[in-house]
Amino acid sequence: MSAPRPYNLIAELTYRCPLRCAYCSNPLDWQRVRDGLDAPAWSRVFREAAELGVLHAGLTGGEPGVRSDLREIVAGAAAAGLYVHLVTAGVPLDRAALATLRDAGLCSVQLSLQDVRAGDGDAVAGAEVHERKLAFAAWVRELELPLTLNVVLHRHNLERVGAVVALARDLDAHRLELANVQLHGWALANRAALLPTRSQLDAAAAAVRTARAEAPRPEIVFVLPDYHADRPKACMGGWGRKNLVVAPDGTVLPCHGAAALPLEFWSAAERPLADCWTRAPGMNAYRGEAWMREPCRDCPERERDFGGCRCQAFALAGDAAEADPACALAPAHAAVVTAREAAERGESAQWVLRGRHG
Amino acid sequence: MSWSRDEFEARLRGVLDERYHDRHPFNRRMHEGALSREELQTWIRNRYYYQTRIPLKDSVILTKSGDPAFRREWVQRIHDHDGTAEREGGLELWLRLAEAVGLERTEVEDLSGVLPGVREACDDYVRLVEERDLVEAVASSLTELGAGKIMHVRIEAFERHYPWVGEEGLRYFRSRTTQAPKDADWGLPWVLDHATRADVQGRCVAALEAKCDILWRLLDAVAAAHRVPRLTAAARRRDDPQDGRPTVVLPERAVRLNDSGREILDLCDGKRSADAIARTLRLRHPDVEAIEPDVHGFLAEMERLGVLESAA
Ligand code: SF4
Ligand code: SF4
């Protein structure tokens, strides 16, 4: 199969992170994934990605700021001609470090915020970081970098969407991503604690509409979570189609969760990136439509949603080639309905924080 | 479980409290007297397209009912808009409003200046009525519940802030101060009587929400035509290294354009308004038909994607 042109490189520089978010989408066994690429190796990956057609690099993790060679990595991506976007929790970078990154070619910053109040935010992050994040946001704007705020929404903070928007305005964010929690990785383990009710979501959607009506900025992204929609999301814009993920150890993946699937992916530490993207058996496993079964195979929606998320199919249906169980037509949809109904009945649980390093 | 009659009515009214276009920033500016003559003209030229869709959607609603009593009542709405003779009715009164603000009647009537966002929103309204059941279609008309009040406020605002429009121009608004409440007084009880099952009630609320969103989008598109677009701080323009296509890269995505897109973006200098950009391009390309709506459509799309932002 010929591979499509990737436009976006998601560079997971490390899975290490000073935070321990209960909804972290990193693999449960993240400690086993070493930082396998040094700055020169990342520079090579960026150059090869640009040759494949990539225009954009999102530097993420874990927390990219824990890499002492982050400046070199940013410079490598900029030298390859890529748009360099940093996704960070705001610790441990300080203002001087951020200024250095900007001078090295950083184009924009996405900061995660857990909540509007320090107590609530720090509880889900498992660390005292809220105040520091607010300071970080101010530094981003002082340095005239565009700021995206990303707030993961779940059962325990959905009520505060209006306050989140107000905070985003105070922080002069260009864009606010209200990201309804995606139930992968640690978030799936914490599903009962995180999954909201339908009425919480409806109230949040109303608050978003009000906020959009008040002012055009920040641009607010709010998408109904797939557990409460009857159709799945077009996960990553399709498997191995537009987005190329490189994990900290160099493994080239179609999305950050795919390493958990029983597939063979190749590492950019060992082979040219183009081979890893076009020829690795795992990358080709769910490209196109040949792998689809009923009901996706004949469904008109398949050109839009590509059958949904393979990782969710594997996690909930036990088989990555099944339709995404978030889809009401999927054979394994009951798994989603059961979880949703439990959430509606108020059967919640206490979350566990992401496991510590080592 | 279905809602009681009172609760159902409260839900429907709640939709209007939250989403009716009297809350739209453009409408608020209109009523505060903050619109320029050009902005008023754009609104009136574009809103005329909505006016022309109303008798169409009412005709569709007629085809959905087998009840002569319903049709007798509903057909009145078509007469209200079309009149019962030439030079009468709501459409005609709207054209007089257009003339009163200095537009050419023919230019408004031929719909050539209608913005794509407005066209889409209004066409969506007709489609909504086509696709849904009779009771939902009627429920979607219940924006009339808010129309009486908005018309009173509007007449006062025009008299105070835009006295140059003149009395003849306000006749449409005046006619609606009585028609809309009359229609709502009939339509609301009819919906309450005919939607008693929970699922039908839910769909009626959804239809009214969809209608409110359509009116809102109409004003969004009108407002955008007068803002001053410029590249966002996050956007970087470059030519694609593989195929040379003009491209804008953003924190979350890359947007690929063609040569016309490049030409339009080159004009987004933070000084020209969308309207001025569209006129510049019309002068530059006199051979291209209906170029202005296309330019506005492109600018709206770029704003939605985060390539452009615009100041009022
Ligand atoms: S979700 Fe939280 S713990 Fe996971 S990488 Fe991001 S900041 Fe760190
Ligand atoms: S059946 Fe498959 S293709 Fe159709 S909507 Fe569901 S997941 Fe998408």
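Residues numbered from 1 in each chain as written. Chains lettered and ligands numbered in written order. Predicted model: local features only at pLDDT ≥ 70, side-chain atom pairs only at ≥ 80, totals over all residues. Heavy atoms only, no water.

Chemist: Can you walk me through helix H4 (residues 118–125) of chain A in this structure?
Modeler: Think of an α-helix as turning once every 3.6 residues; residues three or four places apart then point the same way. Residues and elements named next belong to chain A. Within the sequence span of H4, burial applies to Gly121, Asp122, Val124 and Ala125. Along the long axis of H4, the arc covered by the buried residues comes to 165 degrees, so they all point the same way. Looking at the buried positions of H4, the neighbouring elements they touch are helix H5 (130–142). (Buried < 20%, exposed > 50% of the residue type's maximum accessible area, 1.4 Å probe, protein only. Helix = DSSP H or I, 4+ residues; strand = E, 2+ residues; numbered from the N terminus. Arc of directions from axis to C-beta. Contact = heavy atoms within 4.5 Å.)

Chemist: Would you mind showing me how to read the site of ligand 2 here?
Modeler: Every residue near ligand 2 is listed here: Arg231(A), Pro232(A), Pro295(A), Cys296(A), Cys299(A), Glu301(A), Arg302(A), Asp305(A), Gly307(A), Cys327(A) and Leu329(A). Counted by class, the shell around ligand 2 contains six nonpolar, one polar and four charged residues. (Near = heavy atom within 4 Å. Nonpolar A, V, L, I, M, F, W, Y, C, P; charged D, E, K, R; others polar.)

Chemist: Looking at this model, I keep getting lost on the sheet that holds strand E2 (residues 236–239) of chain B. Mind explaining?
Modeler: Strand pairing in a sheet is mediated by backbone hydrogen bonds. Such pairs are either parallel or antiparallel. All names here are of chain B. Taking strand neighbours across the sheet as the criterion, the three strands line up as E2-E3-E4 in an open arrangement whose pairing is antiparallel. Looking at strand neighbours, the two that pair on one side only are E2 and strand E4 (254–256), the edges of this open sheet. Direction aside, the axes of adjacent strands within the sheet are offset by 25 degrees on average. Here helix H12 (residues 259–267) sits on the sheet in contact with E2 and strand E3 (246–249), set at roughly 145 degrees to E2. (Pairing = 2+ DSSP bridges. Axes fitted to C-alpha atoms, helices over the stretch in contact; angles between N-to-C directions.)

Chemist: Just checking my understanding: could you explain the interface of chain A and chain B for this structure?
Modeler: Many descriptions give the size of an interface as the accessible area lost when the pieces come together. Listed as interface residues are 23 residues of chain A and, on the opposing side, 24 residues of chain B. Of the roughly 1,900 Å² buried between chain A and chain B, counting both surfaces, carbon and sulfur atoms make up 48%. Broken down residue by residue, the surface that chain A buries against chain B is led by Leu55(A), Tyr83(A) and Ala213(A), which jointly contribute 28%. In this structure, the connection of chain A to chain B is made through four salt bridges. Measuring nitrogen to oxygen at the nearest pair gives 2.9 Å for the salt bridge that ties Arg209(A) to Glu18(B). Where chain A packs against chain B, one counts eleven residue pairs in polar contact (both at pLDDT 80 or more). Of all the secondary-structure elements, those providing two or more residues to the side of chain A that touches chain B are helix H1 (39–52), strand E3 (83–88), strand E6 (175–180) and helix H9 (198–214) of chain A. Tallying contributions element by element places H9(A) first for the side of chain A that touches chain B, with four residues. Considering only residue class, the side of chain A that touches chain B consists of eight nonpolar, eight polar and seven charged. (Buried area = accessible area lost by both parts, 1.4 Å probe. Salt bridge = Lys/Arg side-chain N within 4 Å of Asp/Glu carboxyl O. Polar contact = N/O pair within 3.5 Å; in protein donor to acceptor, adjacent residues only side chain to side chain.)

Chemist: What am I meant to see in the packing of aromatic side chains here?
Modeler: How two aromatic rings sit relative to each other is set out by the distance from centre to centre and by the angle between their planes. Using the criterion set out here, one finds 19 aromatic pairs over all chains in the structure. Relative to Phe46(A), the ring of Trp42(A) has its centre 5.9 Å away and its plane inclined at 25 degrees; by these criteria the two rings are stacked. Pair noted here: Trp42(A) and Phe46(A) are both in helix H1, with a separation of four residues, about one helical turn. The same class applies to Trp42(A) and to Phe46(A), which are both buried. Connected via pairs of aromatic rings, a cluster forms that spans Trp43(B), Trp94(B), Phe158(B), Tyr162(B), Tyr172(B) and Phe173(B). If you follow Arg271(A) out to its NZ or CZ, it ends over the ring of Trp266(A), 3.6 Å from the centre. The aromatic ring of Trp164(B) is capped on one face by Arg37(B), whose charged end is 4.7 Å from the ring centroid. (Phe/Tyr/Trp six-rings, centres within 6.5 Å; stacked < 30°, edge-to-face > 60°. Lys NZ or Arg CZ within 6 Å of the ring centre and 35° of its normal.)

Chemist: When you look at the packing of helix H3 (residues 37–63) of chain B against helix H4 (residues 68–82) of chain B in this model, what are you seeing that I'm missing?
Modeler: The geometry of a pair of packed helices is captured by two quantities: the angle between their axes and the separation between those axes. All names here are of chain B. In the contact formed by H3 and H4, the axes pass within 9 Å of each other and the chain directions differ by 165 degrees. When the axes of H3 and H4 are compared, the pair comes out roughly antiparallel. Pair H3 / H4 crosses with left-handed handedness. Contact with H3, carried on its side by Gln51, Ile54, Pro55, Lys57, Asp58, Ser59, Ile61 and Leu62, involves Phe70, Arg71, Trp74, Val75, Arg77, Ile78, His81 and Asp82 of H4 and no other residues of that element. (Parallel < 35°, antiparallel > 145°, perpendicular 65-115°, else oblique. Left-handed = near helix turned anticlockwise from the far one by under 90°.)

Chemist: Would you mind going over the packing of helix H9 (residues 144–161) of chain B against helix H10 (residues 171–194) of chain B with me for this structure?
Modeler: Residues and elements named next belong to chain B. The contact between H9 and H10 brings their axes to 7 Å, and the two run at 165 degrees. Taken together, the axes of H9 and H10 lie roughly antiparallel to each other. In this structure, H9 meets H10 at a crossing whose hand is left-handed. On H10, the residues that touch Glu144, Leu145, Ala147, Gly148, Met151, His152, Arg154, Ile155, Phe158 and Glu159 of H9 are Tyr172, Phe173, Arg174, Arg176, Thr177, Ala180, Pro181, Asp183, Ala184 and Leu188. In terms of residue class, the contact of H9 with H10 is made up of eleven nonpolar, three polar and six charged.

Chemist: Even after reading the chapter, I still don't get the sheet that holds strand E1 (residues 8–12) of chain A, so can you show me in this structure?
Modeler: All names here are of chain A. Here we have nine strands laid out as an open sheet, ordered E7-E6-E5-E4-E3-E2-E1-E8-E9, and mixed in their pairing. Where the open sheet ends on each side, the last strands, each with one partner, are strand E7 (219–222) and strand E9 (252–253). Here E6 runs beside E7; their pairing, made up of four bridges, is parallel. Paired with Glu177 across the strands is Val221, a residue of E7. Together, strand E2 (56–60) and E3 form the strand contacts of helix H2 (residues 70–79), whose direction differs from that of E3 by roughly 145 degrees.

Chemist: What exactly am I supposed to notice about unusual backbone geometry here?
Modeler: Most of the time, phi is negative for any residue but glycine, and the peptide bond is trans. Residue and element names in this part refer to chain A. In this structure, the amide linkage connecting Val91 to the following residue, Pro92, adopts the cis form with an omega of 5 degrees. With respect to the helices, strands and loops of the structure, Pro92 is situated in the loop between E3 and helix H3 (95–103). Cis geometry is adopted by the peptide bond preceding Pro295, which originates at Glu294 and carries an omega value of 0 degrees. Within the secondary structure layout, Pro295 lies in the loop between helix H11 (281–285) and helix H12 (302–305). One non-glycine residue, Asp172, lies in positive phi territory at about 60 degrees. Tracing the sequence through the fold places Asp172 in the loop between helix H6 (161–170) and E6. Note on Asp172: relative accessible area 30%, which makes it partly exposed.

Chemist: Would you explain empty space enclosed by the protein in this entry?
Modeler: Leftover empty space is mapped by rolling, across the atoms, a probe with the size of a water molecule. Summed over all chains, the structure comprises three cavities of 30 Å³ or more. Taken as a whole, the largest cavity spans an internal volume of roughly 280 Å³. Surrounding the largest cavity, 23 residues form its lining, Arg47(B), Tyr50(B), Ile54(B), Glu144(B) and Arg176(B) being those nearest its centre. Of all the secondary structure elements, the ones that give two or more residues to the lining of the largest cavity are H3, H4, H9, H10 and helix H11 (198–224) of chain B. In this structure, the second largest cavity encloses a volume near 90 Å³. Residue lining of the second largest cavity: 13 residues in total, with Cys296(A), Cys299(A), Asp305(A), Gly307(A) and Cys327(A) positioned closest to the centre. (1 Å grid on protein atoms, 1.4 Å probe; cavity = no way out; pocket = protein on both sides within 12 Å on 5 of 7 lines; lining within 4 Å. Points joined across faces, edges and corners; volume = space filled by probe spheres on them.)

Chemist: How do you make sense of the environment of Gly166(B) when you look at a structure like this?
Modeler: Residues and elements named next belong to chain B. Inspection of the secondary structure puts Gly166 in the loop between H9 and H10. Take Gly166: its relative accessible area is 30%, and that puts it in the partly exposed class. Expressed as a C-alpha distance, the spacing of Gly166 and Thr143, which sit 23 residues apart in the sequence, is 27 Å.

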